[in-house]
Amino acid sequence: MPKDYPRARRVADQIQRELPELIRQEVKDPRVGMLTITEVEVNRDMEFAKVYFTTLGGQTEHDACLHGLQRASGFLRSQLSHRMQLRVVPKLTFVYDRSVERGIELTQLIETAVAEDAKHPKDA
């Protein structure tokens, strides 16, 4: 398990607060619609940041949003540099976060298993 670096964590938290507002107000790409930034990971030397996001919709919408975000990453980085008090703003890499979808799938599997179990009479 990697160590937690407090400064990198603070930078990640600030990016997670600033980025949704920037995307909503400044990015004009129609591929980038409503999205949620679920997590930001900044490496130890604060050169790179992985931004995990999720959207509503199908796989094509996720892919289109990812391409739009990748295209706007340089612009978003420059806008973050104006808002944050950093010498160097990390390079942004966007990754689609499947954890919400996976959680829904697991919940449905559990509900199905509970319903199947309820169908069978309990033997004492």
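Everything discussed here concerns the structure shown above.
Not measured: the values here are computed from a predicted model. (Residues numbered from 1 in each chain as written. Predicted model: local features only at pLDDT ≥ 70, side-chain atom pairs only at ≥ 80, totals over all residues. Heavy atoms only, no water.)

Peer 1: Would you mind going over helix α1 (residues 6-26) with me for this structure?
Peer 2: Think of an α-helix as 3.6 residues a turn; residues three or four steps apart then line up on the same face. Here α1 contains 21 residues, and its C-alpha end-to-end distance of 29 Å stays within 8% of the 30 Å for a straight helix at 1.5 Å per residue. Remark: the principal bend of α1, roughly 25 degrees, maps to glutamate 18, with a proline, proline 20, within the next four residues. Turning to α1, its buried residues are Ala8, Val11, Ala12, Ile15, Glu18, Leu19, Leu22 and Ile23. Buried residues along α1 sit against β1 (35-42), β2 (48-55), α2 (59-83) and β3 (91-96). (Helix = DSSP H or I, 4+ residues; strand = E, 2+ residues; numbered from the N terminus. Expected span 1.5 Å × (residues − 1). Bend = angle between axes of the 7 residues up to and from the residue. Buried < 20%, exposed > 50% of the residue type's maximum accessible area, 1.4 Å probe, protein only. Contact = heavy atoms within 4.5 Å.)

Peer 1: What is the right way to read the pattern of salt bridges from this model?
Peer 2: Note on pairing: side chains with opposite charge can pair once their charged atoms come close. On inspection of all chains with the given rule, the structure shows nine salt bridges. Among the salt bridges present, the one from lysine 91 reaches glutamate 47, with a minimum N-O distance of 3.9 Å. Here lysine 91 is found in strand β3, whereas its partner glutamate 47 is found in the loop between β1 and β2, with 44 residues between them in sequence. Judged by its relative accessible area of 34%, glutamate 47 is partly exposed. Overlapping salt bridges bring together Arg98, Glu101, Arg102 and Glu105 as one network. (Salt bridge = Lys/Arg side-chain N within 4 Å of Asp/Glu carboxyl O.)

Peer 1: I tried to follow the pairing of β2 on my own but got confused; where do I start?
Peer 2: Regular strands place their side chains on alternate faces of the sheet. Among the eight residues that make up β2, six are buried, leaving the element largely enclosed by the rest of the structure. As defined by bridge partners, β1 adjoins β2 across seven bridges and the pair is classed as antiparallel. In the sheet register, valine 42 faces β2, and the bridge partner there is alanine 49. The turn joining β1 and β2, which pair antiparallel and follow one another in sequence, is formed by five residues; a positive phi near 55 degrees is taken by methionine 46. Looking at chain direction, β2 and β3 are connected through six bridges and run parallel. For tyrosine 52, the partnering residue across the bridge sits in β3 and is valine 95. The handedness of the β2 to β3 crossover, carried by α2, is right-handed. (Pairing = 2+ DSSP bridges. Right-handed = clockwise from strand over helix to strand, strands pointing away.)

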